[in-house]
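Per-entry structural report
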There are 2 protein chains.
Amino acid sequence: MVITGEIKQDTVAYADFEKFENQVVTIKGTIHNIRMMSDFAFVIVRTARETVQCVYAEEFSDYRMSEDVKEECAAKVTGKVVAGETKDGGKRYELQIHNIELLSHPADIPPVVITKKQVNCDLSTNLDYRPVTLRNPKERAVFKLQEGIQRGFREYLTKQGFTEIHSPKINFAGAEGGTNVFKLDYFGKKVFLAQSPQLYKQALVAVYERVFEIAPVFRAEHHDTSRHLNEYVSMDFEMGFIEGFEDIMNMETGVLKYIMELLRTEYANEVALLKVDLPVITEIPCIKFMDAKELLMKKFKYKPSDMKDFDPEEEQLLGKYAKKELGSDFLFVTHYPSKKRPFYTMDDPADPEYTLSFDLLFRGLEITSGGQRVHDYNAQVEKMKSLGMNPEEFETYLMLHKYGAPPHGGLGLGLERLTMHLLGAKNVREATMFPRDINRVTP
Amino acid sequence: MVITGEIKQDTVAYADFEKFENQVVTIKGTIHNIRMMSDFAFVIVRTARETVQCVYAEEFSDYRMSEDVKEECAAKVTGKVVAGETKDGGKRYELQIHNIELLSHPADIPPVVITKKQVNCDLSTNLDYRPVTLRNPKERAVFKLQEGIQRGFREYLTKQGFTEIHSPKINFAGAEGGTNVFKLDYFGKKVFLAQSPQLYKQALVAVYERVFEIAPVFRAEHHDTSRHLNEYVSMDFEMGFIEGFEDIMNMETGVLKYIMELLRTEYANEVALLKVDLPVITEIPCIKFMDAKELLMKKFKYKPSDMKDFDPEEEQLLGKYAKKELGSDFLFVTHYPSKKRPFYTMDDPADPEYTLSFDLLFRGLEITSGGQRVHDYNAQVEKMKSLGMNPEEFETYLMLHKYGAPPHGGLGLGLERLTMHLLGAKNVREATMFPRDINRVTP
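Residues numbered from 1 in each chain as written. Chains lettered and ligands numbered in written order. Predicted model: local features only at pLDDT ≥ 70, side-chain atom pairs only at ≥ 80, totals over all residues.

**Re the relation of the copies chain B and chain A**
Spelled out, the test is: We place the copies in one frame by least squares, fitting the C-alpha atoms of every residue whose pLDDT is at least 70 in both. Contacts are defined on C-beta atoms placed from the backbone: any two residues whose C-beta positions lie within 7 Å are in contact.
Each copy of the sequence occupies a distinct position, and chain B is placed on chain A by a rotation of 180° and an axial shift of 0.0 Å, giving an RMSD of 0.0 Å. Here the transformation between the copies is reduced to the relation of a two-fold axis. Rotation axis and chain B: the residue whose C-alpha lies nearest the axis is L184(B), separated from it by 2.7 Å. Comparing contact sets, 99% of the residues at the interface of chain B also lie at the interface in chain A, consistent with an isologous, same-surface contact.

**Focus on the sheet that holds strand β5 (residues 74–85) of chain A**
Residue and element names in this part refer to chain A. We apply this condition: Two strands are said to pair when DSSP picks up at least two bridges between them. In DSSP terms, a helix is any run of H or I states spanning at least four residues, a strand is any run of E spanning at least two, and both are numbered starting from the N terminus. Under this scheme, a helix contributes an axis fitted over its contacting stretch, all axes are lines through C-alpha atoms, and angles between N-to-C directions fall in the 0 to 180 degree range.
The strand order β2-β3-β4-β6-β5 describes a closed barrel built from five strands, whose pairing is mixed. When the angles between neighbouring strand axes are averaged without regard to direction, this sheet yields 55°. Both strand β3 (residues 41–46) and strand β4 (residues 51–56) contribute to a ladder of six bridges, which runs antiparallel. Bridge pairing links A41 to Y56 in β4.

**Side note on the interface of chain B and chain A**
For the record, the criterion: Put simply, Ala, Val, Leu, Ile, Met, Phe, Trp, Tyr, Cys and Pro go in the nonpolar bin, Asp, Glu, Lys and Arg in the charged bin, and everything else, Gly too, in the polar bin.
Counting residues at the interface gives 90 residues for chain B and 89 residues for chain A. Broken down by element, the residue count for the side of chain B that touches chain A peaks at seven residues, all from helix α5 (residues 246–266) of chain B. Considered class by class, the residues forming the side of chain B that touches chain A number 49 nonpolar, 18 polar and 23 charged. In this structure, strand β1 (residues 2–3) of chain A lies alongside strand β13 (residues 284–288) of chain B, joined through two bridges in antiparallel fashion. Bridging across to β13(B), V2(A) finds its partner in P285(B).

**Section: unusual backbone geometry**
When glycine is set aside, most residues are seen to have a negative phi, and most peptide bonds are trans. All names here are of chain A. The peptide bond linking T442 to P443 adopts the cis configuration, its omega dihedral lying at -5°. Within the secondary structure, P443 is located in the segment after α11 (415–423). Positive phi values are uncommon outside glycine, yet E72 reaches one of about 75°. Here E72 lies in the loop between β4 and β5.

**Regarding the confidence of the model for chain A**
Keep this limit in mind: Values of pLDDT, ranging from 0 to 100, describe the predictor's confidence in every residue of the model.
In the predicted model, chain A carries a mean pLDDT of 95, and 99% of its residues have values of at least 70. With a pTM of 0.98, the predicted complex shows an ipTM of 0.97.

**Comments concerning the sheet that holds strand β17 (residues 357–362) of chain A**
Taken together, nine strands build an open sheet; the order of strands is β7(A)-β11(A)-β12(A)-β19(A)-β18(A)-β17(A)-β14(A)-β13(A)-β1(B) and the sheet is mixed. Each having just a single partner strand, β7 (163–164) of chain A together with β1 (2–3) of chain B make up the two edges of the open sheet. Here strand β18 (residues 365–372) of chain A runs beside strand β19 (residues 408–414) of chain A; their pairing, made up of five bridges, is antiparallel. Note that in β19(A) the partner of G370(A) across the bridge is L411(A). Running over the sheet, helix α3 (residues 137–159) of chain A touches β7, β11 (210–218) and β12 (231–240) of chain A and is turned about 155° from β11(A).

**Comments concerning the packing of α3(A) against α11(A)**
Residues and elements named next belong to chain A. Note the cut-off: Each angle is binned into one of four classes, with values under 35 degrees roughly parallel, values over 145 roughly antiparallel, values of 65 to 115 roughly perpendicular, and all other values oblique. Whether a crossing is left-handed or right-handed is set by the direction in which the near helix is turned from the far one by less than a right angle, anticlockwise for left-handed and clockwise for right-handed.
Close contact between α3 and α11 brings their axes to 10 Å; oriented N to C, the two are set at 120°. When the axis of α3 is compared with that of α11, the two are oblique. In terms of crossing hand, the pair formed by α3 and α11 is right-handed. Two secondary-structure elements touch here, α3 through V142, L145, Q146, I149 and Q150 and α11 through L415, L418, T419 and L423.

Right, here's the structure in full:
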């Protein structure tokens, strides 16, 4: 036997039905729903991205539907493609069934109804039965859309000359630190799960100039909120030879424009099914952190609890302001206070109390943190010392600076959080295939 | 301030020098190497994927090179593009330096020489200084090539209608089991790091029909060999509605053809620099496991130590046989004994001692394991019981089968191992950016 790599194509996709009008074709898929009528039946077949309406009636053929034909059977269905009309006058196709060949049989009926427009159970039950509930067309569309988001991020950056990296998730001490790291027993050594690819992506700007990574990161969050996960997919990039942190914001703006356009064109089915209100991006306005605080106090009469950061309500107010006054779903907030940004953030030479950093708010929710990094060795050592850190513990990290680094900066973007907010969902778990939080590690 | 997403392009890439012959352009990059001659100097500038030869001589301009211009400075170099000849008569371009603007300065000279054709130190030192040694053009080319491999895997499968997934790496007990799993303390619960996305990719064939993932997996390997890593990047796919396990082998053959073609065209620089002998794939021959054993005993007079699996020497002999007798760098070995394959592997109905599974050998090294999976609930429960497993512990996994799964199968392909073997390297660490093994978790 030899294998040639030829992919057999003996079935027809619904998208191609137009070409086969009044012809007999075979489709493959899962029997999603059977609705018996008085003298005919609808058999809805679920394919990878669509549901196809098939009609069974004795008048079409000599085939007689057996009792074995059940929901969640895998099947090949042969029939004639016929054109019909949708409610709004559009053309739609259905298949007049000539034959059904069953390829597999479930042992039981689903524990949750997945044939309705949505899965009508509470979120926790939905998550418990994820391998089943994801079969619902609306549920699975969420993660097809999510595929589009990360694909857009990757495609755009690849076109811009970025190199894709895969940095290690088992990290040694001192990579980034903090309290919310997961500890792992590694043959008697104490190691950590990566909170971010920060160390590695910075090291690699001195190698490839521009790098990105799409990979899991781990945060040992102790609180159970609607917007935190203990494992999520982080989309990170880092770019060298920047002239200012505006270069990073421009790159992100380009990424977001590209993603939205990709979703609009290649994920139109999912966008329609989920009724996603895709933002139209022409340009993104910016506001300085302190100006935003002032705005909140003066315009919105809001009393901030923390002058170094925003609380969720402040973010929402800024989101409303951006939409109403500036006509934008997005708002860059720049120049965060030095005290609230990580040790690798570059201070603004014009005012070192503030940094050359930014957050991006999307409809009132922070989806990105980014900024320019310190690239000079002595400056980074000094900054560490001033923060009470011991530079000797960061010897590996500082190799980048010691042996020469171009001016650089970057950002991180949480995939699930962006998906959630595009959907207008209330809980990030709705936009996470298999969420991990303090109470959940299954399925 | 508003951000438009426009990406400034005020420098020229070496690849575009042809268009700028005899014109003055600016390039940006890192001063890679300075070679002083009697009355001129070569200044080699390292850009993201190339090194550009620049020439400094007082006759070209009024610029006088300062002592601050040092190796590993980031710089903008302005000069005139002039054409010259390569040793073999080809055309090459260099830049006659008019000005050098320094953008950053290293604090020290590299601990390892990175300006030679290769980094001449032992592997362990090379790995200790990875943030520096990767700056060597040959070292970094390895991982640019690796990018091409995973990119080819993704692009081909995307074209074939696969959905990209990101499954969780924090797994609960019983996902796949085995002894070499890393255990993690998760808020007092005992959880595991994913050894493979097996459970998730199978669950998702009932959702998207075809899925793939490129992500880290973790194996607590206790032995320190030249071909094992404790964390590596696994390229996995799983496809539903297969008619036999040949469909999986065909898909893999298509993937490999596409990857090699992508490397040949878009990674030609790296292929040339690393002298990679890219395999030409037209078709891949197959041999059954027991026939291979017989061949090894009869033709090669080899006495197998284990009749259920191959040792590395047997794999090498089979590689030589495939190359010499069948003219192929690749060989599929099919129908492995049931006893040596995981519980989810489908037995061959014609002879249940063997399975509908395969390994792919590439030049005498196993790079893939794959096969058809059990999709019927009762068959899977029976198989588990016959192996002494308790199906109740696999309730989540078995949701797939219980509620209906199409016939399906898939495979996993180790990114670093494939890269290693393409390079003809002896140790997988040479093809791993930041390797993790029993002795190493840094940098």
